[in-house]
Amino acid sequence: MPFSTTSSSFINPEYFKEDFSVDSFLVKLTQDVIDARGQQQAGLSNGKPVSSEEAAKATIDRVQRLIKRFIQAEYEISSLGHDVTAKLAELQQTADQDETQYKAEVYTLERVSERIKDGIRDIDSRVTRISQTATRVGDRLQTAETLRVRCLEAQELIAHLQAFSCHTAADDFSRLPPLFTNDATLMEAAVSGPETLQY
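Residues numbered from 1 in each chain as written. Predicted model: local features only at pLDDT ≥ 70, side-chain atom pairs only at ≥ 80, totals over all residues. Heavy atoms only, no water.

Caption draft 1: The arrangement of the overall build of the chain in detail. A tally of helices and strands in the chain yields four helices and two strands. Its helices and strands taken in sequence order, the chain reads α-β-β-α-α-α from the N to the C terminus. Burial analysis of the chain (199 residues in total) assigns 13% to the buried set. Put simply, 48% of the contacts in the chain that link residues at least 6 apart link residues at least 24 apart. A total of about 15800 Å² of accessible surface is found on the chain, and carbon and sulfur atoms cover 58% of it. (Helix = DSSP H or I, 4+ residues; strand = E, 2+ residues; numbered from the N terminus. Buried < 20%, exposed > 50% of the residue type's maximum accessible area, 1.4 Å probe, protein only. Contact = heavy atoms within 4.5 Å. Areas by Shrake-Rupley, 256 points an atom, 1.4 Å probe, with all protein chains shown as cover.)

Rendered as structure tokens:
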């Protein structure tokens, strides 16, 4: 099986991808020359016996072919090495650009994340202030409601006080507010009576 993929090349780049062996590489590189040597060692050329002079010339020719083969292989391996180096440099440049872009995106995401965290902290602070304000407003509303109830009670007591202040011993008690004349509200009148007298 020939080692090269074309008639002008002895090196197949695919051969270096996996399971590379120097011994196997050299065998494949010189296989056709070695096979010719085997035939000459058997003393045959096209099935016919060869002379010592022919064998010597064949050996010299074979050595020259091997030298040319190694020179060509060295040149092709060197060219392949340059191609691989250039490809690696291109890949490294692409990787560096991708890494730079990745770092820039990470930096942007970190800044966005910090802004989000700042926003969340601001929201928490505002929620706390709103809660505190709502608590104070609730306390004030409760105080206001208490004052409102006390004002209503005071107004009612003042009305009772006015009713009693205008009443004389000769007056009929039916002229007093219903609270003091209705049997159903006598208990309430008994409670509000002392409070009226305090005024």
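Having seen the structure, we can now continue with the description.
Caption draft 2: Focus on the confidence of the model for the chain. Averaged over the chain, the pLDDT score is 76; the fraction of residues at 70 or greater is 65%. Ranking the elements of the chain by mean pLDDT puts strand S1 (residues 44–45) last, at 50, and helix H2 (residues 52–165) first, at 87. Here residues 1–7 scores under 50 on pLDDT; set against residues more than four positions off or in separate chains, the count is 11 contacts. (pLDDT = per-residue confidence, 0-100.)

Caption draft 3: Inspection of the pattern of salt bridges at higher detail. As enumerated under the stated definition, the model contains four salt bridges in all. Two residues, Arg121 and Asp118, come together in a salt bridge whose shortest N-O distance is 2.2 Å. Highlighted residues: Arg121 and Asp118, both in helix H2, separated by three residues, approximately one helical turn. Among the residues examined, Arg121 registers a relative accessible area of 47% and is labelled partly exposed. For Asp118, a relative accessible area of 40% translates into the label partly exposed. For Arg148, the salt bridge identified is with Glu145, shortest N-O distance 2.7 Å. Of this pair, Arg148 and Glu145 both sit in helix H2, separated by three residues, roughly a single helical turn. According to the relative accessible area criterion, Glu145 is partly exposed, its value standing at 38%. (Salt bridge = Lys/Arg side-chain N within 4 Å of Asp/Glu carboxyl O.)

Caption draft 4: Quick look at a nonpolar patch on the surface. On the surface, Phe20, Val22, Leu26 and Phe70 cluster together into a nonpolar patch covering about 340 Å² of accessible area. Relative to the helices and strands, Phe70 resides in helix H2. (Patch = residues over 30% accessible without salt bridge, like charges linked within 9 Å, V, L, I, M, F, W, Y side chains within 5 Å.)

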